[in-house]
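Topology and contacts: notes
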Amino acid sequence: MIDKRAASSDEAVADIFDGATVMVGGFGEAGSPIELIHALIDQGATDLTVVNNNTGSGEVGLAALIRAGRVSKMICSYPRTANSTVFPELYRSGRTALELVPQGTLAERIRAGGAGIPAFYTPTSVGTPLEEGKERRTFAHRDFVLEYGLSGDFALIKCRVADHHGNLLYNKTARNFSPIMAMAAAITIVQSGEVVAPGEIDPECVVTPGIFVDRIVTVSNPVQESQLVAQGASYP
Amino acid sequence: MTDTTPAIGLTRDEMARRVALDIPDGSYVNLGIGIPERVAAYLPEGREVIYHTENGLLGMGPSPELDEGDPELINAGKRRVTALEGASFFHHADSFAMIRGGHIDLCVLGALQVSQHGDLANWSTGESDAIPAVGGAMDLVAGVRTIYVVTQHCTRAGEPKLVEICTYPLTGPAVVDRIYSDLAVVDVTSDGFQLVELAQGVDFAYVAQRTGAELLPIRGGSLRGDA
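Heads up: these notes are all about the structure in this document. (Residues numbered from 1 in each chain as written. Chains lettered and ligands numbered in written order. Predicted model: local features only at pLDDT ≥ 70, side-chain atom pairs only at ≥ 80, totals over all residues. Heavy atoms only, no water.)

1. Some points on the packing of aromatic side chains
According to the stated counting rule, one finds five aromatic pairs over all chains in the structure shown. Measuring from ring centre to ring centre gives 5.1 Å for Tyr121 of chain A and Phe139 of chain A, while their planes differ by 65°; the resulting arrangement is edge-to-face. With a gap of 18 residues between them, Tyr121 of chain A in strand β5 (residues 119–122) and Phe139 of chain A in strand β6 (residues 136–139) connect regions that are remote in the sequence. Summarising the aromatic geometry, the rings of Phe139 of chain A and Phe144 of chain A are spaced 5.6 Å apart at their centres and angled 75° between planes, so their arrangement reads as edge-to-face. Every member of this aromatic cluster is reached through a ring pair, and the members are Tyr121, Phe139 and Phe144 of chain A. The lysine or arginine in question, Lys78 of chain B, covers the ring of Phe27 of chain A, its NZ or CZ lying 4.3 Å from the ring centre. (Phe/Tyr/Trp six-rings, centres within 6.5 Å; stacked < 30°, edge-to-face > 60°. Helix = DSSP H or I, 4+ residues; strand = E, 2+ residues; numbered from the N terminus. Lys NZ or Arg CZ within 6 Å of the ring centre and 35° of its normal.)

What follows is the structure, given as structure tokens:
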């Protein structure tokens, strides 16, 4: 009997360990699993490497995790967003490292990490400062750089509907990095607005097949990051 | 150039409107953040174009009224948008496969500098205390067939943005096809910058003076540009 439901966010993130690589879904606030991130802040794991497109905004969610000093390294494409002040401060003071990766390369590295591909060549960044230190190779008269697959110990993602097997549906552009992070992490933890019995999601419509999902928590009314930021909220 | 910028040339919306004239019917288009975002509003009647946003939507429509829409339906600039009939959502790896795989026909981007060889610098001024942020710009210029740049011809300080060699870090080498500025439309050719069109009230000498590399006059046109 397969049932991946966890009793609570706290239980779902309990085994995230110090030094873990944690992939966090979301593009800005769209798809950001705020409740799971807040549970991770309460849990206390530190020295984390976090993979996310951005670095959060205000002092909630990912920005709050960074502000709490739990993140030693960010791997992202765009650490500069409106209302994003936490990361820039820690980066300038040298307390959080940054690996800057072009967005499409970041996505493909995660996809490759989840698909058993150790490395691949891409034309992105050829002839730019982000090519530095990377192997270059020519295919059919065009230059490409070698990039490595990226995998995680954990992924924290948000979806709209999950069934007990972990089959997932997302909401609009909140899908973004979540399906590939679910593939690339050893343990994928999902917060879902709704959790249904197997059979209630049309198999033709499943976006993330349950094999990529390990734990599901119901969060029926997730908070909205931009609303919290507008209210000046901060966590904890 | 120390003089203040004269009130001549196109406004930002007029620049967006000019770019829109050159977007072919039926194309798949990615619009960057800033002036490029405005292009969609000026697409001429009778053309259908499908807009791609790299965070996972084809068939992007205009922004909804203030305070309406869904915070999880946004564009790459993290602004709320709508999804038109026939739209589709997809994950980031598929979205960048569309870009890198050459499936997007046209991309319109902003610029810090464009060189006469078509090199584009638009992600970093290279200042040591700046937080580096690249987003999807490098993937777009590496993968999309045609790259249009829309930009002011000069910086606020009056420095040319069309230059011989970019001094800012590159987004990609030899990627820009055409530049739409407040003063002119300029093609990047194997011979360098080729003037295509002057904004109303602007002559060739005025634009050439504000271009940081050789500017070839309109083919078959007069050097004064007002013929």
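2. Brief notes about the pattern of salt bridges
Applying the stated criterion to the full structure yields 18 salt bridges over all chains. Among the salt bridges present, the one from Glu59 of chain A reaches Arg67 of chain A, with a minimum N-O distance of 3.6 Å. In the salt-bridge network here, residues are joined through shared partners; they are Arg18, Asp22, Arg178, Asp187 and Glu197 of chain B. (Salt bridge = Lys/Arg side-chain N within 4 Å of Asp/Glu carboxyl O.)

3. Considering the pairing of strand β5 (residues 106–109) of chain B
All names here are of chain B. Covered by surrounding structure in β5 are Leu106 and Val108 together with Cys107 and Leu109, the residues of both alternating faces. Taken together, the three bridges between strand β1 (residues 28–31) and β5 define a ladder with parallel strand orientation. In the strand pairing of β5, Asn30 is matched with Cys107. Across four bridges, β5 lies against strand β8 (residues 146–150) in parallel orientation. In the strand pairing of β8, Leu106 is matched with Thr146. (Buried < 20%, exposed > 50% of the residue type's maximum accessible area, 1.4 Å probe, protein only. Pairing = 2+ DSSP bridges.)

4. Re the sheet that holds β5 of chain B
Residue and element names in this part refer to chain B. Overall, mixed pairing links the ten strands, which are arranged β4-β3-β2-β1-β5-β8-β10-β11-β12-β13 in an open sheet. Edge positions in the sheet fall to β4 (82–89) and β13 (215–216), since each of these pairs with one other strand and no more. Where strand β10 (residues 178–180) meets strand β11 (residues 184–189), three bridges bridge the pair, whose relative direction is antiparallel. If you follow Ile179 over to β11, its bridge partner there is Val186. Set on the sheet, helix α1 (residues 12–21) makes contact with β5, β8, β10, β11 and β12 (192–198); between it and β10 the angle comes to about 145°. (Contact = heavy atoms within 4.5 Å. Axes fitted to C-alpha atoms, helices over the stretch in contact; angles between N-to-C directions.)

5. Notes on the interface of chain A and chain B
Contacts between chain A and chain B engage 47 residues on the former and 37 residues on the latter. Overall, the association of chain A and chain B removes approximately 3,400 Å² of surface from exposure, summing both partners, and the carbon and sulfur fraction of that is 63%. Summed over the three residues of chain A that lose the most area to chain B, namely Phe27, Lys172 and Thr173 of chain A, the buried surface amounts to 18% of that side. Here chain A and chain B share two salt bridges between them. A salt bridge links Glu72 of chain B to Lys158 of chain A; the nearest nitrogen and oxygen atoms lie 2.9 Å apart. Applying the counting criterion to the chain A and chain B interface returns 22 residue pairs in polar contact (both at pLDDT 80 or more). (Buried area = accessible area lost by both parts, 1.4 Å probe. Polar contact = N/O pair within 3.5 Å; in protein donor to acceptor, adjacent residues only side chain to side chain.)

6. Describing unusual backbone geometry
All names here are of chain A. Here the bond from Tyr235 into Pro236 is cis, since omega is 0°, no more than 30 degrees from zero. By the element assignment, Pro236 lies in the segment after α7 (225–230). With a phi close to 65°, His141 is a non-glycine residue in the positive phi region. Not every positive phi belongs to a glycine, and Lys172 is a case in point at roughly 50°. With respect to the element layout, Lys172 can be found in the loop between β9 (168–169) and α6 (178–184). Overall, Lys172 belongs to the partly exposed group, its relative accessible area being 30%.

7. Section: the sheet that holds strand β6 (residues 113–115) of chain B
Residues and elements named next belong to chain B. Taken in spatial order, the three strands make up an open sheet running β7-β6-β9, and their pairing is mixed. The open sheet is flanked by β7 (120–121) and β9 (162–163), the only strands paired with a single partner. Relative to β9, β6 is paired through two bridges, and the arrangement is parallel. In the sheet register, Ser115 faces β9, and the bridge partner there is Val163.

8. Quick word on the side chain of Asn55 of chain B
Tracing the backbone shows Asn55 of chain B in the loop between β2 (50–53) and β3 (57–61). For Asn55 of chain B, a relative accessible area of 0% puts it in the buried group. A polar contact is formed between the side chain of Asn55 of chain B and the side chain of Thr53 of chain B, at a distance of 2.6 Å. Within the structure, the side chain of Asn55 of chain B is placed 3.3 Å from the backbone nitrogen of Ala76 of chain B, a separation counted as a polar contact. Those residues in contact with Asn55 of chain B that lie beyond four places of it in its chain are Phe27, Thr173 and Asn176 of chain A together with Ile74, Asn75, Ala76, His92 and Ser95 of chain B.

9. Brief notes about the environment of Asp182 of chain B
Residue and element names in this part refer to chain B. Here Asp182 shows up in the loop between β10 and β11. Here Asp182 falls in the buried class, since its relative accessible area comes to 11%. In this structure the C-alpha to C-alpha distance between Asp182 and Arg12, which are 170 residues apart in sequence, comes to 7.4 Å. Residues within four places of Asp182 in sequence aside, it is in contact with Gly9, Leu10, Met15, Thr151, Gln152, His153 and Ala199. A distance of 2.7 Å separates a polar side-chain atom of Asp182 from the backbone nitrogen of His153.

10. Description of helix α5 (residues 103–115) of chain A
One full turn of an α-helix is made of 3.6 residues, so residues set three or four places apart face in the same direction. Residues and elements named next belong to chain A. An ideal rise of 1.5 Å per residue puts 18 Å on 13 residues; α5 measures up with 18 Å between its terminal C-alpha atoms. Among all positions of α5, only Gln103, Gly104, Thr105, Leu106, Ala107, Glu108, Arg109, Ile110 and Ala112 are buried. Downstream of α5 by a residue or two, Gly116 has a phi angle that is positive, lying close to 75°. (Expected span 1.5 Å × (residues − 1).)

11. Examining the layout of surface pockets
Residues and elements named next belong to chain B. Roughly 670 Å³ of volume is contained in the second largest pocket. Taken together, 35 residues line the second largest pocket, and the ones lying closest to its centre are Ala40, Tyr51, Met60, Gly61 and Pro62. Secondary-structure elements contributing two or more residues to the lining of the second largest pocket are β1, α2 (35–38), β2, β3 and β4. Considered class by class, the residues forming the lining of the second largest pocket number 17 nonpolar, ten polar and eight charged. (1 Å grid on protein atoms, 1.4 Å probe; cavity = no way out; pocket = protein on both sides within 12 Å on 5 of 7 lines; lining within 4 Å. Points joined across faces, edges and corners; volume = space filled by probe spheres on them. Nonpolar A, V, L, I, M, F, W, Y, C, P; charged D, E, K, R; others polar.)

All we've got here are geometric facts, nothing functional implied.
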